[in-house]
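# Structural overview
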Amino acid sequence: MSVMKGATELADEKAIVAAAEAALGEVALVRAEIGKVIFGQESVVEQTLLAVLSGGHALLVGVPGLAKTKLVATLGIVLGLDNSRIQFTPDLMPSDILGSEVMDQDAAGHRSFRFIPGPIFTQLLMADEINRASPRTQSALLQAMQEYHITIAGDRKDLPQPFHVLATQNPLEQEGTYPLPEAQLDRFLMQVDVGYPELAAERQILLETTGLAETEARPVIDAGRLQQIQGLIRQMPVGEKVVDAILALVRSARPGNGNVDTDKNVAWGPGPRAGQALMLCARARALYDGRLAPSIDDVLALAEPVLQHRMALTFAARAEGMSVRDVIADLVKRAKG
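Residues numbered from 1 in each chain as written. Predicted model: local features only at pLDDT ≥ 70, side-chain atom pairs only at ≥ 80, totals over all residues. Heavy atoms only, no water.

Here we come to the overall build of the protein chain. Within the protein chain one finds 16 helices and 11 strands. For 337 residues, the compact-globule estimate of 2.2 N^0.38 gives 20 Å, and the C-alpha radius of gyration of the protein chain, at 22 Å, lies within 12% of that figure. Taking the principal axes of its C-alpha atoms as reference, the protein chain extends roughly 75 × 60 × 50 Å. In the protein chain, which comprises 337 residues, the proportion classed as buried is 45%. Sequence-distant contacts in the protein chain: of pairs separated by 6 or more residues, those separated by 24 or more amount to 76%. A total accessible area of about 17,100 Å² is found for the protein chain, and carbon and sulfur atoms account for 54% of it. With 32 positive and 41 negative side-chain charges, the protein chain shows a separation of 3 Å between the mean positions of the two kinds. (Helix = DSSP H or I, 4+ residues; strand = E, 2+ residues; numbered from the N terminus. Rg over C-alpha atoms; globule rule 2.2 N^0.38 Å. Buried < 20%, exposed > 50% of the residue type's maximum accessible area, 1.4 Å probe, protein only. Contact = heavy atoms within 4.5 Å. Areas by Shrake-Rupley, 256 points an atom, 1.4 Å probe, with all protein chains shown as cover. Lys, Arg positive; Asp, Glu negative; His and termini not counted. Charge placed at Lys NZ, Arg CZ, Asp CG, Glu CD.)

In structure tokens form, the structure reads like this:
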């Protein structure tokens, strides 16, 4: 009986390895295809794609004009996903996102309600400048992002699968913006900071995007294959040392866990969802880099995008000019020993 069980487990492991090796090639093709359109934002592309491969959502933070919208549209094409875009404005209502019921009347005079789906019924939703909408409208996304369905007039309506929200946010504080509540920020697997491109990349942007024709991305996989890869990532083995590193990092970022600097500078820290995000994203990063298992380096490399929107500093730390990134960098430095 034990011999048969051992043979079955060995066959399962071989099947997972074979599936992972096949996925490695497809992920490499996805990277190459995105690179034909998005120049000089390798880290941004990596983190955004890791969020999607992990089955989650991402918040892209950067000033206007850094190709955030173009990146999301390109991802939709390359991954073969239906996609839609919502431009968030202060007067946007929840029904503008979710959809609404209208009353129909047939030839006999019978009346009935019919639901008209909103733009949220897609596989890749771009929520552009999400912090410009009111809290009431922002909250309309909460149930969808966590439970992958919405409720209209008491009826549950499931969203297409897979479902991902890639939201953009302008970091410049201005009149008419509403900071995202902590509960909604926590729904984002990662916060991806989008910076200015390097000189060489910006030169390439000028040359490639101001001619008569621009390079267009082509589909590499489809929604069904993406879901298979997402399932495969959840099956990738994670060593005990990597699990311990995730737990140690997340817990060290919370006040009251024995870290003097954290107790002094952090008002509140990441919850268990941060550990789940690190576990999934570390696996996805290994696959992205052509490896079959994650390492501690993957965990430390993802510390900032996974943790920074799940922490808040004390007033004293902010008064001293300290940022959340500074705290995370110190935690990563300590973890490296």
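What follows concerns the pairing of strand S7 (residues 155–158). Where strand S6 (residues 149–152) lies against S7, four bridges are found, and the strand directions are antiparallel. The partner of histidine 149 across the bridge, within S7, is aspartate 158. Where S6 hands over to S7, the hairpin turn is made up of two residues, of which alanine 153 adopts a positive phi near 50°. (Pairing = 2+ DSSP bridges.)

The subject of this paragraph is the environment of alanine 183. When you line up the elements, alanine 183 lands in helix H7 (residues 182–185). Accessibility expressed as a relative area gives 40% for alanine 183, which makes it partly exposed. Between the alpha carbons of alanine 183 and arginine 310 there is a distance of 9.3 Å; along the sequence they are 127 residues apart.

This part takes up unusual backbone geometry. Trans is the prevailing form of peptide bonds, just as negative phi is the prevailing case for residues other than glycine. Residue glutamine 161 is joined to proline 162 through a cis peptide bond whose omega torsion reads -5°. Inspection of the secondary structure assignment puts proline 162 in the loop between S7 and strand S8 (164–169). Even without glycine at this site, glutamate 129 takes up a positive phi of about 55°. Within the element layout of this structure, glutamate 129 appears in the loop between strand S5 (124–128) and helix H5 (135–138). In this structure glutamate 129 comes out as partly exposed when scored by relative accessible area, which is 21%.

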